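As a plain string of letters, each chain reads:
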Amino acid sequence: MSRLQVWIEEKKLHEGAEAIVTSGYWLGKPAIKKFRRPRKWRHPELDSRLTKSRLTSEVRTLLKLQQLDFPTPSIFNLDLKNGIMFMEKVEGDTLVIKLKNELSLIDSKEIFSKLGALLRRLHLCGITHGDLTTTNIILNEDRLVLIDYGLSQSTFEVESYGLDFHVLYECLQATHPNFPEAMNQIVESYLDYDDSKSQIQFEGGTIPKSEEIISRFEQIKSRVRYHD
Ligand SMILES: Nc1ncnc2c1ncn2[C@@H]1O[C@H](COP(=O)(O)OP(=O)(O)O)[C@@H](O)[C@H]1O
Ligand SMILES: [Mg+2]
């Protein structure tokens, strides 16, 4: 009988500048291994937000979101010292693949509406994603799951919330021009989301209102246009 292997590696999914992502099995469960070289502190005086590793931010956010019942992959194992995390694999394809291959305009409207509501739910946790592109959204049957929280922040600053929209907007424009209504559909459902059951007032501040965030997004867009 073969020895029980804790991690069985299957294939490399992605090798970026910072992370190597592989899929496999953790104790028999479909899993993802994410390896990031921990960054060394360059200047001890620098803002810790800039210097702390993306893996630490990702773990912190995943744990916080899990506590708040926001759908994210669970962490299976963590080796912060070596920059390795094993997490649950979310089945399905990333939105970039879905939008490029098989999605009709009608189905896409439903997905973009769901994305708007999901983004408001994330923001109501006091978290901004920081890298909201279609490679970081997985369509798991009819459910959307956000992944890759390496640039996420726990914040009350409206700018950070507005930037989530702007990153998504630029991604949709550059990569998915055949869905011209996408951004409007996302914004509409974001604004329609009923905040009334959620806490928005916290000890350290208040989560910005959706109208405020969307108007900041519009400002960021015109700022960027002006500088082009
Ligand atoms: N939990 C997960 N479940 C399924 N696929 C994942 C998961 N995490 C990452 N991936 C896949 O690996 C790719 C890269 O992972 P990601 O966390 O986005 O790393 P990076 O920071 O390098 O972008 C994703 O676009 C996705 O295809
Ligand atoms: Mg990513």
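Data block above holds the structure.
If you're wondering where the values come from, they're calculated on a predicted model, not measured in any experiment.

**Some points on the packing of helix α4 (residues 105–123) against helix α6 (residues 182–192)**
Where α4 meets α6, the axes come as close as 7 Å, and the angle between the chain directions of the two elements is 45°. Of the possible angle classes, the one that applies to α4 and α6 is oblique. Between α4 and α6 the crossing geometry is right-handed. Touching S108, K109, F112, S113, L115, G116, A117, L119 and R120 of α4 are A182, Q185, I186, V187, E188, S189 and Y190, all from α6.

**As for helix α7 (residues 210–227)**
With 18 residues, α7 extends 26 Å between its outermost C-alpha atoms, agreeing within 8% with the 26 Å of an ideal straight helix rising 1.5 Å per residue. Along α7, the residues classified as buried are S210, I213, R216 and F217. With its buried residues spanning 115° around the axis, α7 presents them on a single face. Facing away from the buried side of α7 by over 90 degrees, the exposed positions are E211, S222, R223, R225 and Y226. Tucked into the core, α7 has its buried residues touching α4, α5 (158–175) and α6.

What counts, and where the lines are drawn
- Residues numbered from 1 in each chain as written.
- Chains lettered and ligands numbered in written order.
- Predicted model: local features only at pLDDT ≥ 70, side-chain atom pairs only at ≥ 80, totals over all residues.
- Axes fitted to C-alpha atoms, helices over the stretch in contact; angles between N-to-C directions.
- Helix = DSSP H or I, 4+ residues; strand = E, 2+ residues; numbered from the N terminus.
- Parallel < 35°, antiparallel > 145°, perpendicular 65-115°, else oblique.
- Left-handed = near helix turned anticlockwise from the far one by under 90°.
- Contact = placed C-beta atoms within 7 Å.
- Expected span 1.5 Å × (residues − 1).
- Buried ≥ 20, exposed ≤ 12 C-beta atoms within 10 Å, placed from the backbone.
- Arc of directions from axis to C-beta.

By themselves, these figures tell us nothing about what the structure is for.
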